[in-house]
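Chain and residue survey
Each chain, letter by letter, is given below.
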Amino acid sequence: MSEKIAKSHGQELGNVIVSRFSDGEFQTSFEETVRGSDVFIIQSTFPPADNLFELLLMVDAAKRASANQIVAVIPYFGFARQDRKDKPRVAIGAKLVANLLTAAGVTRIMTMDLHADQIQGFFDLPVDHLYASSIFLPYIQKLNLPNLTMAAPDMGGSKRANSYSKFLKSDIVICYKERSRANVVGSMTVIGDVEGKDIVLIDDLVDTAGTLTKAADMMVDRGATSVRAFCTHALLSGDAYETIEKSKITELVVTDTIPMKQQSPKIKVLSVADLFAKVLHKVHNFESISSHFIS
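Attention here is on the structure that accompanies the text. (Residues numbered from 1 in each chain as written. Predicted model: local features only at pLDDT ≥ 70, side-chain atom pairs only at ≥ 80, totals over all residues. Heavy atoms only, no water.)

Here's the deal with the environment of serine 165
The criterion, for reference: Numbered from the N terminus, helices here are DSSP runs of H or I no shorter than four residues, and strands are runs of E no shorter than two. Partly exposed describes any residue whose relative accessible area lies between the buried limit of under 20% and the exposed limit of over 50%, with all areas from a 1.4 Å probe on protein chains only and scaled to the type maximum. Between N or O atoms, a polar contact is any pair within 3.5 Å; within protein, one atom must be a potential hydrogen donor and the other a potential acceptor, and residues adjacent in sequence are included only when both atoms are from side chains.
Residue placement: serine 165 occurs in helix H5 (residues 158–168). Here serine 165 falls in the buried class, since its relative accessible area comes to 5%. C-alpha separation for the pair serine 165 and valine 73, spaced 92 residues apart in sequence, amounts to 29 Å. In this structure the side chain of serine 165 is engaged in a polar contact, spanning 2.6 Å, whose partner is the backbone oxygen of serine 170.

The structure is reproduced here in structure tokens:
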């Protein structure tokens, strides 16, 4: 991702070395001066935790090297699903990550499609929260689906689906699900009519793909003409690829905020590199970025 953004921006990546010790410890170092510079450190913080800790070490190194501004460009903000206490004696992981980044010396955050918008308030510094809608919406329009209907895979995603529905002037349906445990859907039903509809499911991330594929299969069984899904962050863990290929889902469209583990005939990847490069340029030059917000 960093190479794509740098290429789109028209500038080479800085010279950074990550040295690893035999016990697994690693050290980051800038091999060129950053004194007085605005440093943009690009790193998605998906599992394992090494990604997050590498970002923290690079931020600390830039701060100690007298960088002027340190912008953490985090296309996928990990631990965002832990944005509140949903049961007793659990951590709020998203807030902890925000505290770590702030303590390390970050002066600005740039990210995309947070799992919960309120995570922006976990930071006492500027947060540029971008949306994949500026990439997904043109693609959906080009599909020219005759009976387009937007859908949310769960109640929490209804706001996002509603924003797309208003922009595209389409109908909307909502799935209601109950989980038996984390990453496992117990039961699911749909609120609204899907018969004869071309369904487009919208979500911020796809992990095991259990929810998406179960929703797609259910809607096709209820008479939907086609079911596509648009998810910004493709975690795709466990048997996700096999689950998607065996399902009745027509197409899964994702972005490259997280590198794909393998290819699939049902998965299409759209790049966010150009969007981040444009916003990065505007942030560096103190220009407005509001034109990049569609939904």
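After that view of the structure, there is still more to cover.
Some thoughts on the pairing of strand S6 (residues 127–130)
Rule in force here: At least two DSSP bridges between two strands are needed for those strands to be called paired.
Burial along S6 is two-sided: the face carrying Val127 and His129 and the face carrying Asp128 and Leu130 are both buried. The sheet contact formed by strand S5 (residues 108–112) and S6 spans four bridges and is parallel. The residue bridging isoleucine 109 from the neighbouring strand is valine 127, located in S6.

What to know about the pattern of salt bridges
Counted only if it meets this: Here, a salt bridge means any Lys or Arg side-chain nitrogen found within 4 Å of an Asp or Glu carboxyl oxygen.
Within this structure, the stated rule accounts for 11 salt bridges. A salt bridge links aspartate 221 to lysine 248; the nearest nitrogen and oxygen atoms lie 2.5 Å apart. Placement of the pair is aspartate 221 in helix H6 (residues 210–221) and lysine 248 in the loop between helix H7 (240–246) and strand S12 (251–255), with a sequence separation of 27 residues. Owing to a relative accessible area of 41%, lysine 248 belongs among the partly exposed residues under this scheme. Through salt bridges with shared partners, one network takes in Asp60, Lys63 and Arg64.

What about the side chain of glutamine 43?
Applied cut-off: Whether two residues touch is decided by their heavy atoms; if any such pair falls within 4.5 Å, the residues are in contact.
Mapped onto the elements of the fold, glutamine 43 is located in the loop between strand S3 (38–42) and helix H2 (50–64). The contacts of glutamine 43, once residues within four sequence positions are left out, are Asn51, Glu54, Leu55, Val73, Ile74 and Pro75.

Quick look at the packing of helix H4 (residues 133–143) against H5
The following threshold applies: Angular values range over 0 to 180 degrees, each being the angle between N-to-C directions of two axes fitted as lines to C-alpha atoms, with helices fitted over their stretch in contact. Every angle not falling under 35 degrees, over 145, or within 65 to 115 is termed oblique; those three ranges are roughly parallel, roughly antiparallel and roughly perpendicular. Crossings are assigned a handedness: left-handed for a near helix turned anticlockwise from the far helix by less than a right angle, right-handed for a clockwise turn. All residues other than Ala, Val, Leu, Ile, Met, Phe, Trp, Tyr, Cys, Pro, Asp, Glu, Lys and Arg, Gly among them, are scored as polar; the first ten of these are nonpolar and the last four charged.
At a closest axis distance of 12 Å, the pairing of H4 and H5 adopts a crossing angle of 50°. Regarding the angle of H4 to H5, the classification is oblique. Like other packed secondary-structure pairs, H4 and H5 cross with a definite hand, here right-handed. Where H4 approaches H5, its residues Ser133, Phe136, Leu137, Ile140 and Gln141 are matched on the opposing element by Tyr164, Phe167 and Leu168. Classifying every residue of the contact of H4 with H5 gives six nonpolar, two polar and no charged.

So, a nonpolar patch on the surface
Definition in use: For patch building, the residue pool is restricted to those with more than 30% relative accessible area and no salt bridge; the joining distance is 9 Å between like charges and 5 Å between nonpolar side chains (Val, Leu, Ile, Met, Phe, Trp, Tyr). Only the protein chains shown count as cover for residues, and the accessible areas themselves come from Shrake-Rupley with a 1.4 Å probe.
Judged by side-chain polarity, Met155, Tyr176 and Ile191 come together as a nonpolar surface patch covering roughly 290 Å² of accessible area. Locating tyrosine 176 in the fold gives a position in strand S8 (residues 171–181). For tyrosine 176, a relative accessible area of 38% gives the class partly exposed.

Here we look at helix H8 (residues 273–284)
Quick note on the threshold: Multiplying one less than the number of residues by 1.5 Å gives the expected span of a helix.
Helix length check: H8, at 12 residues, gives a terminal C-alpha distance of 16 Å against a target of 16 Å (1.5 Å per residue), a fit within 8%. All of the buried residues along H8 are Ala273, Leu275, Phe276, Ala277, Val279, Leu280, Lys282 and Val283. At its buried positions, H8 is contacted by helix H1 (2–9), S3, strand S4 (69–74), S5, S6 and H4. Of the residues flanking the end of H8, it is phenylalanine 286, one or two places downstream, whose phi is positive at about 55°.

Concerning the nonpolar core
Here is the rule we go by: To form a nonpolar core, buried Ala, Val, Leu, Ile, Met, Phe, Trp, Tyr and Cys residues must be joined to one another through side-chain atoms within 4.5 Å.
Among the nonpolar cores identified, the biggest contains 33 residues, and Met110, Leu130, Ile140, Met150, Val200, Phe230 and Phe276 are the most heavily contacted of them. Elements with a contribution of two residues or more to this core: S3, S4, S5, H4, strand S7 (148–152), H5, strand S10 (198–206) and H8. For this core, the leading source of residues is H8, giving seven residues. Excluding anything up to four places from it in sequence, leucine 130 contacts Met110, Thr111, Met112, Asp113, Leu275, Phe276, Val279, Ile289 and Phe293. Formed by 29 residues, the second largest nonpolar core is a distinct cluster that contains Val97, Ala98, Ile109 and Phe123.

Quick word on the sheet that holds S3
Spatially, S3-S4-S5-S6 is the arrangement adopted by the four strands of the open sheet, whose pairing is parallel. Of all strands in the sheet, those with a lone pairing partner are S3 and S6, marking the two edges. Mean inter-strand twist for the sheet, computed between neighbouring axes without regard to direction, equals 15°. Docked against the sheet, H8 engages S3, S4, S5 and S6, running at close to 160° with respect to S5.

Digging into the state of the cysteines
Quick note on the threshold: In what follows, a disulfide is any cysteine sulfur pair within 2.5 Å.
According to the stated counting rule, one finds zero disulfides in the structure shown. Looking at cysteine 175, it has no disulfide partner, and the nearest cysteine sulfur is the one in cysteine 231, 12 Å off.

Focus: the side chain of aspartate 83
By the element assignment, aspartate 83 lies in the loop between S4 and helix H3 (93–104). At 2.9 Å, the side chain of aspartate 83 forms a polar contact with the side chain of arginine 84.

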